[in-house]
Each structure stands twice: as structure tokens, then as C-alpha cells.
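Fold and contact review
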Amino acid sequence: MRHRHLSTLALALGIAVLLDVLRVWLPSVITLFGRAAETPAELLGAFALGWFLLALAAPALVRRIGARPVGLVAAGVLAAARLALTAQPGGPAQLWLACAGLLAGLVWLTATAASVPRPVTGLALGLAGNAVGHALLGTEDLVWRGGVPAWTLSALLVLAFLAASTAERTTGAGELSPAGADEGVAAATSGRTRTPGRRAWLLCGPALVLAGQVALAPALWSAAAGTGSPDFPGLARPGGAAVPGALAVLLFLASALFRVPARPARVLWPAMLFAGSVLFVTGLLVPAYLLTAAGLGGCLALTDAAAGDDRAAGTDDDGGRAGARRGRAAALGMLVFAVATVAYYAAYDVGYPNWWAPVATAVLVAVVAAGAPRQADPALPAPVRVTVLAGLTALAGLGAALHVPPAQARPTTAPAAVRVAAYNIRMGFGLDGRLDLDALARELRGADIVLLSEVDRGWWLNGGHDTLGSLARRLEMPYVFAPAADPVWGDAVLSRFPVRSGQTRRLTAHGAPTGAQALGVTLDLGGRELAVVATHLQPPPGRDPVEQAREVAAFAGRYAAGRPLVLGGDLNTEPADPAFAEFTRAGLVDALAPARPLRTSPADDPRTQIDHVFVSPGLTATEVRAPRTEASDHLPVTLTVTLP
């Protein structure tokens, strides 16, 4: 490989490794340091932002010691942390390993910025390649998997990153020849202060958050495959994500690696990025991620260093000032990444509008890109770009096609009884902070109808996993999903029986920071219909969720319309509380009464009864259990419901 392409390869591989670490660090901060909202949101945010503020010292370190030694050491620590996380430590060890890996990654990024003036191609390939790998793995990263295959692939990725980084630093790829250095000094002494590459490095952090949250998020591709109809929300369509997912990768890479004439590009790409971010917060997911993918790739391309400026930008002119400027830009860009991520998701703990966070991030990228000087020619030859574009697009489509939701069940003879489970799954993370969907599936296996709370279908804060899709494939059960907090976080119903119709109602917040909804689904039990309602009540601070309970009870009664009804979920209320009484006042029966007290939270020391199932009169509940497990911070409740 030619030396000038080694820096591109090393950057692409490093971005992929850093994203793997981020997908562990982000949920570890929430589940381990935050302990599922037990830690004050202000302290949680300060802890998260502190690591990025600490990384602001990295440019000075690079300036004093040099980009090569700092970059090599940081790459080694990043790689070691990535492999150590694959060992599945869980608990505090996982949190601090992820923190060490994150900080090393930020320092590595700063050192790389000091010596690489044209990062756009490497950044684009790293983002797209990581997204494709995420899709091929069904959004369950290698770091959460054990066994020989996961270790082998993890080791290959890390070794390739280290080999490319070592070769790039050893050969001086990305550095200047003496002639180039002379030109850089001449440019500096002549008063020329422009630093090509600085804008691109500044956009590295915002690009990571927009790609992970919207543009290149395979879990979002899967979540968007539901119908989204108010009359029948969230019914998954097998194979519905394959083509749009592949198209997102195609649009992103095409706009990043190929050039549109500068004058229309400065309007087209920023406009598409802004439109995509707005559509995301309004819930129109498919056009949102397609427009964001194209706009993000195009905006990155606009910041590619202009031809003829590369040498002046890459030299250590003025004692390394150009490299220092790029390093500071990279560190500041990652601080923007942290602020945007924390600002968006902290709203669900603190309670404020958060739609502005992705929109403001997109506006920042658009403004920086639109004001950039002229673009350079693409860094890679056209045949290489075409090959990479075609290969990654095909793999993205394959990844989306391989992990499809189970097909709808066919009608069967009417059963005399059905097995029901209700479970708050905490986005798939156990008390040890690890994503363990196998443990969740073990607790739910054997159920005919499953009501899930805290279902995550692509929250970047939790690593961007489609928890629902992965769990449904393990259980071989089709599902219906309804958003509550934003388009990819909410509640779900899984069923072995055919789903005939559905309806959702958003609940009034009444002062609670996190959104809530009630999902009604009609199941065909061999010619007989059963109405099922799944919900997760969100109590206002220091209050019982009595108003939401009243709304859900009224909705359930209207939706059932005289049909047998099962209602359940994490209701955040105890049997003696006013909110609980709203359900019994509506004529529903406490299905868990035979086993009271049935404590379900916290999972390691159950003290409260806040997960419930109610049934309509005429249905009989038996075999009520809350099996002990630490696969979530709640215990599941399971029961057999005998039909009249």
C-alpha cells in the first residue's frame, strides 16, 4: 500500500475501534455509574463530560512529546482496552476499562489530527465500516459476545489497527517531505494562516453522533421497518430494512467520496442534513436517516483540504502550530459529541425539550462545511472508491436482510389458556452492566404473550442496539412496538398468535420527564380475540402516577370493547397506592393477587411491587411467579391466564 494511504487506513480502523469502545462506555455510564437513574443526572453528566474535558489537554501533550510517540502509545492502550472489554468483565471493571479506552481513543484521535491534514476519507470509511459490521452482527457487537469467533474477529480488527498505525507512524505517512516543510514555512512566514483539515477534524465528533444516532444506525433501519400507522403501530415487516439500510450507506459514501460541483454542493448537502435531523425528531425515520446520511457525507466532503494546501497544513511550521490547531479542533469536536449526546438523553431524566440537540448538531456541521475553502480531489483513486462503495453497500444490505423479525404466526385452534409474561428489560442490560439478551430470553422462553417495558430500538446512549429485534429472534416471536420517549424507545408486545390490529395512545406527562404510552394489540386465538395492553407508567417526581393510570384504564376499556383483556407492564405503583386503585376501579382484576406480596424491584434485593398484570373479569390467573434473575433491574412476572 502506498504510504499516503496508510494514514487513511489507520484512521478508518481506529474510528471503528473507538466506536466499539463508545458502545460499551455510553451504557456503562448509565447502568453502572448512573445505576438506572439512582445517581443524580447532574453528577452523571459531569462524569461523562469530564473525560472529554480531560482530553482537551491532549494537544499540549502531543505538542510537547510529538504526535508519533503519543499516537502509538494511545493506540496501544485503546486496542488493549477494546480486547479487555471482550473478556466480559462486567461491573466496575467494565466501566473503568471503557473509560480508559475512551480517553486513550481521544488522545489517539488528537495525535492523528496533528499529522493527518486530510481525514475525511478515513473518517467516512471508519463510520461506514463500523455501521456495516454492526448490521452484520444484528446490532450486537463483538464486544458483548464470547467464544472463539468473537475473540478471533476482535483480535483481527485490533491487530489490523495496530499494524496500520505502526506502519503509518514508522514510514511517516501523512508527514511532509523536506520540500513540503519548506513550503509550509514559506506559507507561514508570508502570513498565510489557513489550516486545511482543521474544519474536517472539528466535524469528527459531530459526525460520530449524527452517524450513530441517525444516519448510520442499523437499529434505526430495523425500527423504521414498522408500519408506524396510528391505527396499527409498530408491526414489524420481515426484510423491510434491507434496501433502505443499504441505501443509507450508499448515499453516505457516495457523497463523502465523490465530488459534486462546489456551488450546488454548499447548498445541497447542508440542506439535506438539516432536513434529515428535523425529520428524525418528528419520527419520520426512513427519510430522516437517508437524508442525514447523504447530507453528512456531503458536508464532510466539503471540508476536505484543498489541493495544494496539504503540505502547508501538514508540516510542523511555526513549531507544529498547524498540527496543534488540528489537534485542538479534534478535541473540541469530540467535546461537541459529548455535549450533544448528554443534552439529548439527559432530557429524559431532567425534563426539558430535547429536539434541538440533533438539529443544532446538524446546523453546526452544515455551517462549518458551507464555509470551508475549496475541496480537494478525492484522496483515493476512482476504482478503489467504487469498489469500497459497492462492497460496503452490499454488506449493509446483507446485514439488514440476515436479521429479520419472525414472521406472523398462522391461526391455530383456540387454546384453553395462555402463558403471559411482563418484564421491564432495562434496554437489555443486566445489573452487571452487560448486554445479555440470552439471559432475558431464558426468562421469557415458554411464554405465549410477552409485554415489555423499557424497550430500546437504537438509542445511541445504550450503544445503538435493536434490543427488541434481537430478543424477538431468540424467542421466535413476532412483535408490535410503540414509541414512548422518542421514536426508538418504548414498549412492545410479542405474541405467538396472529396480530390482527393495534392502536397506541400517548399519555400526558403530568410533570414526568420521560414519555409514556399505552399500546393496545388484538390477538387472534384461533377464532377468538384477546385484547392486550402494554404500558410503562412514568410517575412525576415524588408522586404516584395516578393520572396516567386513569388514562390507561380508560384507554384499555375502550380498546377491549367487551373482549377479554390482559393489561400489564411496569406501572411504578404499589397495590395500596391510588394509581393501582384506578385499574381495579375500572373493573379489572389483579392477576397477581394469588401470589401477593410479589416484589419485583430492585432485582438483586426485591422490595417493591411495581410490575403488574390485570385481567378482565372472567379470566383466571394461576401459576403466578416472579423468578429471581439479574438480567435486568426488575424481575419478570409470569402467569397462566385461563380463558372463559
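Everything numeric in this text was worked out from a predicted model, so none of it was measured. (Residues numbered from 1 in each chain as written. Predicted model: local features only at pLDDT ≥ 70, side-chain atom pairs only at ≥ 80, totals over all residues. Heavy atoms only, no water.)

Let us now look at the overall build of the protein chain. A count of helices and strands for the protein chain gives 22 helices and 12 strands. In summary, the protein chain has a C-alpha radius of gyration of 26 Å against a globular reference of 26 Å for 644 residues, a match within 12%. Viewed in the frame of its principal axes, the protein chain has a C-alpha envelope of about 90 × 45 × 45 Å. Taking all 644 residues of the protein chain together, 61% fall into the buried category. Long-range pairs, those at least 24 residues apart, make up 79% of the contacts in the protein chain between residues at least 6 apart in sequence. For the protein chain, the exposed surface amounts to about 22400 Å²; the carbon and sulfur share of it is 62%. The protein chain carries 50 positive and 45 negative side-chain charges, and their two centres are separated by 8 Å. (Helix = DSSP H or I, 4+ residues; strand = E, 2+ residues; numbered from the N terminus. Rg over C-alpha atoms; globule rule 2.2 N^0.38 Å. Buried < 20%, exposed > 50% of the residue type's maximum accessible area, 1.4 Å probe, protein only. Contact = heavy atoms within 4.5 Å. Areas by Shrake-Rupley, 256 points an atom, 1.4 Å probe, with all protein chains shown as cover. Lys, Arg positive; Asp, Glu negative; His and termini not counted. Charge placed at Lys NZ, Arg CZ, Asp CG, Glu CD.)

Attention now goes to the nonpolar core. Counting 153 residues, the largest nonpolar core has Trp-25, Leu-127, Phe-252 and Leu-452 as the members making the most contacts within it. When residues of this core are assigned to their parent elements, the largest contribution, 16 residues, is made by helix α1 (residues 3-33). Dropping the residues within four chain positions of it, Phe-252 is found in contact with Ala-124, Leu-127, Ala-128, Leu-216, Ala-293, Ala-294, Leu-296, Gly-297 and Leu-300. Residues Val-420, Val-480, Val-521 and Leu-598 belong to the second largest nonpolar core, which totals 31 residues. (Core = buried A, V, L, I, M, F, W, Y, C linked by side-chain atoms within 4.5 Å.)

Once that is clear, we can look at helix α20 (residues 467-475). Of all 9 residues in α20, 7 are buried, a share of seventy percent or more. Looking at α20, one finds that the buried residues are Thr-467, Leu-468, Gly-469, Ser-470, Leu-471, Ala-472 and Leu-475. Elements in contact with the buried residues of α20: α19 (437-444), β2 (449-456), β3 (479-486) and β4 (489-495). Just downstream of α20, Glu-476 is the residue with a positive phi angle, here 55°.

Take the sheet that holds strand β6 (residues 517-525) next. Taken in spatial order, the 6 strands make up an open sheet running β5-β6-β7-β8-β10-β9, and their pairing is mixed. Strand pairing shows two members of the sheet lacking a second neighbour, β5 (499-506) and β9 (589-590), which therefore form its edges. In the sheet, β6 pairs with strand β7 (residues 528-536) via 8 bridges, with the strands oriented antiparallel. Paired with Asp-524 across the two strands is Glu-529, which belongs to β7. The sheet contacts of helix α21 (residues 546-560) involve β5, β6, β7 and β8 (565-570), and relative to β5 the element is tilted by about 150°. Those strands touched by helix α22 (residues 578-585) are β8, β9 and β10 (611-615), and its axis lies near 15° from that of β10. (Pairing = 2+ DSSP bridges. Axes fitted to C-alpha atoms, helices over the stretch in contact; angles between N-to-C directions.)

As a further point, take the pairing of β7. Within β7, 7 of the 9 residues are buried, leaving the element largely enclosed by the surrounding structure. Where β6 folds back on β7, the antiparallel hairpin that results is connected by 2 residues, among which Gly-526 adopts a positive phi of roughly 65°. Looking at chain direction, β7 and β8 are connected through 6 bridges and run parallel. Residue pairing for β8: Val-533 is matched across the bridge by Leu-567. The β-α-β motif built from β7, the intervening α21 and the parallel element β8 has right-handed crossover chirality. (Right-handed = clockwise from strand over helix to strand, strands pointing away.)

Under the defined criterion, the tally for this structure stands at 16 salt bridges. With its nearest N and O atoms 3.9 Å apart, the salt bridge here joins Arg-23 to Asp-141. Highlighted residues: Arg-23 in helix α1 and Asp-141 in the loop between α6 (120-136) and α7 (147-171), separated in sequence by 118 residues. Assigned by exposure class, Arg-23 and Asp-141 land together as buried. We note a salt bridge from Arg-118 to Asp-304, for which the minimum N-O separation is 2.8 Å. Of the two residues, Arg-118 is situated in the loop between α5 (91-115) and α6 and Asp-304 in the loop between α14 (285-302) and α15 (310-314); the sequence distance between them amounts to 186 residues. The same class applies to Arg-118 and to Asp-304, which are both buried. Connected via shared salt-bridge partners are Arg-118, Arg-259 and Asp-304. (Salt bridge = Lys/Arg side-chain N within 4 Å of Asp/Glu carboxyl O.)

Let us now look at the sheet that holds β2. Across the sheet, which stays open at both edges, the 6 strands sit in the order β3-β4-β2-β1-β12-β11 with mixed pairing between neighbours. The open sheet terminates on both sides in strands that have one partner only, identified here as β3 and β11 (620-625). Within this sheet the neighbouring strands show an average axis-to-axis angle of 20°, counted without direction. Contacting β1 (417-424) and β2, α19 runs over the sheet at an angle of about 145° to β1. Where α20 meets the sheet, its contacts fall on β2, β3 and β4, and the angle it forms with β2 comes to roughly 150°.

Right, let's talk about a nonpolar patch on the surface for a bit. The grouping of Leu-53, Leu-56 and Leu-332 at the surface amounts to a nonpolar patch, some 250 Å² of accessible area in total. By the element assignment, Leu-56 lies in the loop between α2 (41-54) and α3 (58-65). (Patch = residues over 30% accessible without salt bridge, like charges linked within 9 Å, V, L, I, M, F, W, Y side chains within 5 Å.)

Interpreting fine coordinate detail is not advised for predicted regions of low pLDDT. Averaged over the protein chain, the pLDDT score is 88; the fraction of residues at 70 or greater is 91%. This model gives residues 173-193 a pLDDT under 50, and the stretch forms 28 contacts once residues within four places in sequence are excluded. Throughout residues 307-319 the model reports pLDDT below 50, and contacts reaching past four residues in sequence, or to other chains, amount to 37 contacts. (pLDDT = per-residue confidence, 0-100.)

Let us now look at the packing of aromatic side chains. Applying the stated rule across the entire model yields 19 aromatic pairs. Judged by centre distance (5.9 Å) and plane angle (80°), the rings of Phe-47 and Trp-96 are edge-to-face. In this pair, Phe-47 is assigned in helix α2 and Trp-96 in helix α5, connecting sequence segments 49 residues apart. The class of Phe-47 is buried, set by a relative accessible area of 14%. Using a relative accessible area of 45% as the deciding quantity, one classes Trp-96 as partly exposed. For the ring pair Trp-108 and Phe-161, a centre distance of 5.5 Å and an interplane angle of 85° mean the geometry is edge-to-face. Of the two residues, Trp-108 is situated in helix α5 and Phe-161 in helix α7; the sequence distance between them amounts to 53 residues. On the basis of relative accessible area, Phe-161 is assigned to the buried category, the value being 0%. Connected via pairs of aromatic rings, a cluster forms that spans Phe-280, Tyr-344, Tyr-345, Tyr-348, Trp-459 and Trp-489. We note Arg-385 situated over the ring of Phe-258; from NZ or CZ to the ring centre the distance is 4.8 Å. Residue placement shows Arg-563 over the ring face of Tyr-559; its charged tip is 5.3 Å from the ring centre. (Phe/Tyr/Trp six-rings, centres within 6.5 Å; stacked < 30°, edge-to-face > 60°. Lys NZ or Arg CZ within 6 Å of the ring centre and 35° of its normal.)

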